[in-house]
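If you want the building blocks of each chain, they are given just below.
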Amino acid sequence: MHHHHRRLATAHGGRLFSTRLFATKHRGHVYSGRVVRETSDRRSVAVRVEATGILPTDVRGYPLPRRDLICKVTKILHSSSDPFPDLSEYLQTLNLTITPSEASEILKCLNHPHLSLEFFRFCSSNIPKFQHNSFTYNRLLVILSKPSALRDSERLDLIRAILDDMERCGVRGSISTINILIGIFGGGADVERCFDLVKKWDLQMNCYTYKCLLQAHLRSNNSNKAFEVYVELRRRGYKLDIFAYNMLLDALAKDNKVDQVYMVFKDMKRKHCEPDEYTYTIMIRMTGKIGKADESLTLFQEMTEKGYTPNLIAYNTMIQALANNRMVDKTIFLFSKMVENNCRPNGFTFSVILNVLVAEGQLGRLDEVVEVSNKFMNKSIYAYLVRTLSKLGHASEAHRLFCNMWSFHDEGDRDAYMSMLESLCDAGKTTEALDLLSKIHEKRISTDTVMYNTVLSALGKLKKTSDLHDLYEKMKQDGPSPDIFSYNILISSFGRAGRVEEAVKIFEELENSSCKPDIISFNSLINCLGKNGDIDEAHMRFKEMREEGLSPDVVTYSTLIECFGKTDKVEMACRLFDEMLAEGCSPNIVTYNILLDCLERSGRTAEAVDLYAKLKQQGLTPDSITYAVLERLQSGSHRKVRVRRKNPITGWVVSPLR
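Residues numbered from 1 in each chain as written. Predicted model: local features only at pLDDT ≥ 70, side-chain atom pairs only at ≥ 80, totals over all residues. Heavy atoms only, no water.

Next up on the list: the overall build of the protein chain. Within the protein chain one finds 33 helices and 6 strands. Burial status across the protein chain gives 45% buried among its 658 residues. Long-range pairs, those at least 24 residues apart, make up 59% of the contacts in the protein chain between residues at least 6 apart in sequence. Accessible surface for the protein chain amounts to roughly 34,500 Å². Of this, 50% is attributable to carbon and sulfur atoms. (Helix = DSSP H or I, 4+ residues; strand = E, 2+ residues; numbered from the N terminus. Buried < 20%, exposed > 50% of the residue type's maximum accessible area, 1.4 Å probe, protein only. Contact = heavy atoms within 4.5 Å. Areas by Shrake-Rupley, 256 points an atom, 1.4 Å probe, with all protein chains shown as cover.)

Attention shifts here to the pattern of salt bridges. In total, this model carries 44 salt bridges according to the counting rule given. When the shortest N-O distance is used, the salt bridge between Arg546 and Glu579 registers 2.4 Å. In this pair, Arg546 sits in helix α28 (residues 535-547) while Glu579 sits in helix α30 (residues 570-582), placing the two residues 33 residues apart along the sequence. Taking relative accessible area as the criterion, Glu579 reaches 26% and is therefore assigned partly exposed. Between Arg632 and Glu600 there is a salt bridge, with its nearest N and O atoms 3.0 Å apart. (Salt bridge = Lys/Arg side-chain N within 4 Å of Asp/Glu carboxyl O.)

Our next topic: the packing of helix α16 (residues 328-340) against helix α17 (residues 347-359). How two helices sit against one another is set out by the angle between their axes and by the gap between those axes. Contact pair α16 / α17: the axes reach a minimum separation of 10 Å and the direction vectors enclose 155 degrees. Judged by the angle between their axes, α16 and α17 are roughly antiparallel. In this structure, the crossing between α16 and α17 has a hand that is left-handed. In contact with Val328, Thr331, Ile332, Phe335 and Met338 of α16, α17 contributes Thr349, Phe350, Ile353, Val356 and Leu357. Among the residues making up the contact of α16 with α17, the classes are represented as 8 nonpolar, 2 polar and no charged. (Axes fitted to C-alpha atoms, helices over the stretch in contact; angles between N-to-C directions. Parallel < 35°, antiparallel > 145°, perpendicular 65-115°, else oblique. Left-handed = near helix turned anticlockwise from the far one by under 90°. Nonpolar A, V, L, I, M, F, W, Y, C, P; charged D, E, K, R; others polar.)

Note that Ser390 resides in helix α19 (residues 379-391). Here Ser390 falls in the buried class, since its relative accessible area comes to 15%. Leaving out residues up to four positions away in the same chain, Ser390 has contacts with Ala398, Ser419, Met420 and Ser423.

Close contact between helix α6 (residues 152-168) and helix α8 (residues 189-200) brings their axes to 13 Å; oriented N to C, the two are set at 15 degrees. As judged from the angle between their axes, α6 and α8 are roughly parallel. By crossing handedness, the relation of α6 to α8 is classed as left-handed. Contact with α6, carried on its side by Arg160, Leu163, Asp164 and Glu167, involves Asp190, Arg193, Leu197 and Lys200 of α8 and no other residues of that element.

Moving on, we come to unusual backbone geometry. That bond from Gly479 to Pro480 is cis: its omega, 0 degrees, falls within 30 degrees of zero. Inspection of the secondary structure puts Pro480 in the loop between α24 (465-478) and α25 (484-496). Of note, Arg326 is a non-glycine position whose phi angle comes to about 60 degrees, a positive value. For Arg326, the position within the fold is in the loop between α15 (312-324) and α16. Within the chain, Arg444 stands out as a residue other than glycine whose phi angle is a positive 60 degrees. Relative to the elements of secondary structure, Arg444 occurs in the loop between α22 (430-439) and α23 (449-461).

Let us look at the packing of aromatic side chains. Here a ring pair, both rings aromatic, is described through the centre-centre distance and the interplanar angle of the planes. Considering all chains together, one arrives at 14 aromatic pairs under this definition. Aromatic side chains Tyr230 and Tyr245 sit 6.4 Å apart centroid to centroid with 70 degrees between the ring planes, which places their arrangement in the edge-to-face category. Residue Tyr230 is located in helix α10 (residues 223-235), and its partner Tyr245 is located in helix α11 (residues 242-254); the two are separated by 15 residues in the primary sequence. Among the residues examined, Tyr245 registers a relative accessible area of 1% and is labelled buried. (Phe/Tyr/Trp six-rings, centres within 6.5 Å; stacked < 30°, edge-to-face > 60°.)

We now examine the environment of Val261. Note that Val261 resides in helix α12 (residues 258-270). Here the alpha-carbon distance between Val261 and Met283, two residues 22 residues apart in the chain, equals 8.2 Å. Other than its neighbours up to four places away in sequence, Val261 contacts Leu249, Leu252, Ala253, Met283 and Met286.

Before going further, it helps to examine the side chain of Thr430. Structurally, Thr430 can be placed in helix α22. A relative accessible area of 2% means that Thr430 is categorised as buried. Of note is the side chain of Thr430, whose polar atom sits 2.8 Å from the side chain of Lys464. Sequence-distant contacts of Thr430, defined by excluding residues within four places in its chain, comprise Ala458, Leu459, Leu462 and Lys464. (Polar contact = N/O pair within 3.5 Å; in protein donor to acceptor, adjacent residues only side chain to side chain.)

Over its 17 residues, α6 runs 24 Å from end to end, which matches the ideal 24 Å to within 8%, given 1.5 Å per residue. All of the buried residues along α6 are Arg155, Leu158, Ile159, Ile162, Leu163 and Met166. Seen from one end, α6 has its buried residues packed into an arc of 140 degrees, which puts them on one side. Tucked inside the fold, the buried residues of α6 contact α4 (113-126), α5 (134-145), α7 (175-185) and α8. The positive-phi residue at the C-terminal boundary of α6 is Gly170, with phi of around 75 degrees. (Expected span 1.5 Å × (residues − 1). Arc of directions from axis to C-beta.)

Here it is as structure tokens:
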């Protein structure tokens, strides 16, 4: 920019002062302004320079934007948190007026929702005779259409308000305005308003408008409306680009609109819009889903013949289409081609192949799959296969594959090892589980109490008390230290095996450890003592539990009631039941069944009837055990087959026992 300075000298009191005049000429632009200078005795001198010409225009008669002014205003707006007083002073000092085209360019430079909106409002309220036009409105709408700190609902309300303002000011929008609005609103009543504005402003919808409308309906997941727009677009002779065709095909395919997909795909080819990899992937997925795997293969071959290299998604889609149609041989063959073409399979690829092998009873071919993909096999894939096989309940296959992983990799995958351990324990393979637990450190994985507790639980269920004891001793000596879950598993397991002394010993060790017995610990011990005939000790532990500040739960009461009932201490059982109610602990159907059975066996029929009434009053649903007890109450225990009938006295409906 070339600056021309004019210097004025004034004598006052023997002193001279000078001032620089901000009259700047650049590419035919002459700005007017006023410069004020104050002397040492506080007298001021003002010099005013008037514009010497008008703003130049383009061939259509629109004023050309002044780039230096646009840059200066943009700089002021970015200078502080409240720049508008400075902007007003700048414009008033130089007697400048911003044109709509310049305002549009400034908005473009700002590209910030809040600041742009404030500047937009500043122009119409602070600049004399300024009127926004469709260009400035469009510029603001584009800025507000982008993601920002505003919530979507706030942003849409703001855009609606701007549109109201546009109509109120009588500004006629362009087809670009409509295209922007359709892109923002997406669908619903707001799009209907756009159609009304098209009529009001006497506009013609073009190809791009229809494309915006189609994409808006697709973003709103309305494939029906999108297809209607496509039909109209087709009727007018317009065509879409590859991106829009793929969006439409994908939406129609996901909504199972098969005929419409075929029609659009055919149109696409006829309109000389060449399908790409994504197009073929959509078609392959749809044809595979509807059971046309051979057609999927034809499409896949067509894609490769056209020179497209299938990516991971394309291969996975084709493999899934074949697998869904139980084509095991073709699935494995395509998988081998995938590997041959250096396309790395992922977890989804292997899960699809695993599922079809399991479904077709050909899990033995997994070795073939692993061998084919040998160059891509790593720790993560082995771990994934082990976890998946374990979840599917194929412990032997998982273990065999796990052994392969063990042989080929120095470091293990913790999740895979945990899955393998759980799978072995669920399958009752405790010998293998113990062996794995003892060797896991070789693969630089530290054992923890979760692993040990998993194995302890499996041993307890199988009543392998010797292994239980050895593993517990190993934990105490070598770590990890037993936690409350370890102790509870041990107490319950020894109790289930009838090893009362060991269970009591474990409980006492728990009391002396850093862990303290919880309600499950006491319940397990009480159950162990009571079921093995030591009802008095069980009752003492019940009292001890309360002294420790633990509140007995429904399991505690039910266990003791059953123990008292089976030792013919019916009064104690009934007293405990009443105490349970008084303490606010609600009995469940198991508790009622236990006490009903106790009362029935002791011949206290009337009390059993009252108890059943309480059960119904509490809203509990009788189960098969309840009905068995009730039937014994009604007809005695001599008849083996009883007919379902309603008792005239109690109203019980008794299920037949066979």
